[in-house]
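Descriptive analysis of the structure
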Amino acid sequence: MLELSLTHRAGGFTLSADLSIGPGVTAVTGPSGAGKTTLLSLIAGLSRPAAGRIVLDGCTLVDTATRIWLPPHRRHIGQVFQEARLFPHLNVRHNLLYGRLFGGKNRAGPALATIVDLLDIAPLLHRRPRDLSGGERQRVAIGRALLSNPSLLLLDEPLSALDPARKAELLPYLRRLHDGTGLPMLYVTHQRDEVAELATGWVTVEGGVARPGQ
């Protein structure tokens with residue numbers, strides 16, 4: 001369970017949120033510039049709220065009233081962005097294993113073979129990112145995030161940079177991820193139909209307010 005009640009200010013922009021988000025895939029929708037990515041950045045610890053608190057599975061990540069601030073690498077939150085952001089000098093196998101560095105010494109994560117099978121990337125393990133399609137790079141990025149053994153996965157428009165054919169290629173793997181891991185996910189998108197079959201909950205961000213949606 002993710003619970004947050006906060007206010008964030010950046011220049012003339014203010015975002016407020018009062019949300020309880022359960023397991024499954026929660027789609028985060030709203031117009032451009034509404035604050036969807038900002039919301040994910042606050043949860044991940046890449047931005048600090050002006051006031052409020054964030055609690056994940058009973059662990060307080062942020063509480064401005066008591067000055068609690070857990071840095072990003074201790075939050076056990078995986079992230080996948082619009083671009084895969086793989087290391088170009090590493091092959092797929094070593095890009096995946098990089099995720100293990102953020103898993104924590106006392107947290108037993110999934111086996112590499114399990115993630116490779118889940119995302120069907122065994123034939124890619126010895127390739128460099130430059131030799132992958134856009135959809136393949138995103139599958140590797142998702143695998144790297146999963147190998148960090150996160151308690152929550154944040155996906156910030158992971159399909160937006162792909163053409164329709166590559167989107168069609170990646171969606172089945174997102175369904176498999178949803179069905180196979182049970183990992184809670186927040187999925188930012190401009191296209192509601194993109195995750196309509198996956199989403200178990202919705203959050204809308206509009207007018208500087210994040211609220212439960214339908």
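These figures come from a predicted structure and were not determined experimentally. (Residues numbered from 1 in each chain as written. Predicted model: local features only at pLDDT ≥ 70, side-chain atom pairs only at ≥ 80, totals over all residues. Heavy atoms only, no water.)

Further remarks concern the side chain of Thr26. Looking at the element boundaries, Thr26 is found in strand E3 (residues 25-29). With residues up to four places along the chain from it excluded, the contact list for Thr26 reads Ile21, Met185, Leu186, Tyr187, Gly201, Trp202 and Val203. (Helix = DSSP H or I, 4+ residues; strand = E, 2+ residues; numbered from the N terminus. Contact = heavy atoms within 4.5 Å.)

This part covers the pairing of strand E9 (residues 185-188). Every second residue of E9 is oriented toward a common face, with Met185 and Tyr187 on one face and Leu186 and Val188 on the other, all of them buried. When E3 meets E9, the two strands line up parallel, connected through four bridges. Paired with Thr26 across the bridge in E9 is Leu186. (Buried < 20%, exposed > 50% of the residue type's maximum accessible area, 1.4 Å probe, protein only. Pairing = 2+ DSSP bridges.)

In the structure shown here, the tally under the stated rule is one aromatic pair. Residues Phe87 and Tyr98 carry aromatic rings whose centres are separated by 4.7 Å and whose planes lie at 70° to one another, so their mutual orientation is edge-to-face. With Phe87 in the loop between strand E7 (77-80) and helix H2 (92-98) and Tyr98 in helix H2, the pair connects residues that are eleven residues apart, well separated along the chain. Classification of Phe87 as partly exposed rests on a relative accessible area of 27%. One residue, Arg48, lies across the ring of Trp69, its end atom 4.0 Å from the ring centre. When the ring centre of Trp202 is taken as reference, the NZ or CZ atom of Arg192 above it lies at 4.1 Å. (Phe/Tyr/Trp six-rings, centres within 6.5 Å; stacked < 30°, edge-to-face > 60°. Lys NZ or Arg CZ within 6 Å of the ring centre and 35° of its normal.)

Here the focus is the nonpolar core. Soluble globular proteins tend to bury their nonpolar side chains together. With 38 residues, the main nonpolar core has Leu96, Ile142, Leu146, Leu153, Leu155 and Leu174 as its most contacted residues. Considering every element that reaches this core, the biggest residue donor is helix H4 (residues 134-147), with six residues. In this structure Leu155 touches Leu40, Val80, Ile142, Leu174, Met185, Leu186, Tyr187 and Val188, once residues within four positions along its chain are discounted. Membership of the second largest hydrophobic core comes to 27 residues, among which are Leu6, Ile54, Val62 and Ile77. (Core = buried A, V, L, I, M, F, W, Y, C linked by side-chain atoms within 4.5 Å.)

Read from one edge of the open sheet, eleven strands run E6-E5-E4-E1-E2-E11-E10-E3-E9-E8-E7, paired in mixed fashion. A strand with exactly one partner marks an edge of an open sheet, and here the two such strands are strand E6 (68-69) and E7. In this structure, strand E8 (residues 152-156) lies alongside E9, joined through four bridges in parallel fashion. Opposite Leu154, over in E9, you have Leu186 as the bridge partner. Where helix H5 (residues 164-181) meets the sheet, it contacts E3, E8 and E9, and its direction lies at approximately 155° from that of E9. (Axes fitted to C-alpha atoms, helices over the stretch in contact; angles between N-to-C directions.)

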